[in-house]
Amino acid sequence: AGLQRIGKTAFSDSGLRTLHFPDGNLVIEEWAFIQCSALTEVTFGQGVLCKSWFQGTPWYRHLSEETTDDFVVVGSMLLKYRGDAEELRPEDFPAGIRSVVTGALTQALKKQRLKKITFPDSVEYIASGVLTGAETLEEVHLPAGLTVLEGCRGKKLRVVELPRALRAIGRG
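Residues numbered from 1 in each chain as written. Predicted model: local features only at pLDDT ≥ 70, side-chain atom pairs only at ≥ 80, totals over all residues. Heavy atoms only, no water.

Below, the discussion takes up the confidence of the model for the protein. Taken as a whole, the protein shows an average pLDDT of 85; of its residues, 96% reach a score of 70 or greater. Mean pLDDT per element in the protein: strand β5 (residues 48-50) is the minimum at 78, and strand β8 (residues 87-88) is the maximum at 95. (pLDDT = per-residue confidence, 0-100. Helix = DSSP H or I, 4+ residues; strand = E, 2+ residues; numbered from the N terminus.)

Structure follows, in C-alpha cells:
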C-alpha cells in the first residue's frame, strides 16, 4: 500500500529542495511543507490529495507568478483562484479538480464580489479556510461526491446544500 499520509507540519521549515510524489492514494495534510525556503521543484502523481498549498516556498511563489490564468492548478488541486466573478459555476472550474486547498479562494473573496459558488462534481475535499470570511458569499452548492468539508462560514451565507456522500464537516 505504501505511503498514505504526510502529517501536518511534517517537513515544515526544512531544507528540502525537490519533491516527487508518485501515483497513489496519498493525502498531504495542511502545512506539511510550509516555509521550506529551498523547495524549488515539486511534482505530483495521480491520486495525490493535498490539503494546503506550499506557502513560503520558492516553488509556490514561482508557480503563482508565472501564470496569469484566473485558476492556478497543479495535478488535481486548485491552489488559487484570482478572478473577480460574482458566480462560479462548475463549468468555470478547470476539469478534474479533486481538492480545493486552504487559501485557494482568499484573493477572490477579498475582492468582495463572489456571491455564489457551485463546485464541480469532481471535487472530493474542500480544506479549512476555503470558504471562511466570505463577506459577500450567499450560496454554496457542494458537489455530490464531496466527503469532507472542513469549514464554511460567511456573514451573508444563507444557502448551503450538503451532499449525501458528506462524511464530515469541520475537524474532528
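Within the structure shown, the criterion is met by ten aromatic pairs. Both rings, one in phenylalanine 21 and one in phenylalanine 33, keep their centres 5.9 Å apart while their planes meet at 65°; by these two values the pair is edge-to-face. Linking phenylalanine 21 in strand β2 (residues 18-21) with phenylalanine 33 in the loop between β3 (26-28) and β4 (41-44), this pair joins segments that are twelve residues apart in sequence. Considered together, phenylalanine 21 and phenylalanine 33 belong to a single accessibility category, that of buried residues. With 5.2 Å between their ring centres and 10° between their planes, phenylalanine 33 and phenylalanine 54 make a pair best called stacked. Residue phenylalanine 33 is found in the loop between β3 and β4, and its partner phenylalanine 54 is found in the loop between β5 and α1 (58-66); the two are separated by 21 residues along the sequence. On the basis of relative accessible area, phenylalanine 54 is assigned to the buried category, the value being 2%. Aromatic ring contacts, followed pair by pair, group Phe11, Phe21, Phe33, Phe44, Phe54 and Trp59 into a single cluster. (Phe/Tyr/Trp six-rings, centres within 6.5 Å; stacked < 30°, edge-to-face > 60°. Buried < 20%, exposed > 50% of the residue type's maximum accessible area, 1.4 Å probe, protein only.)

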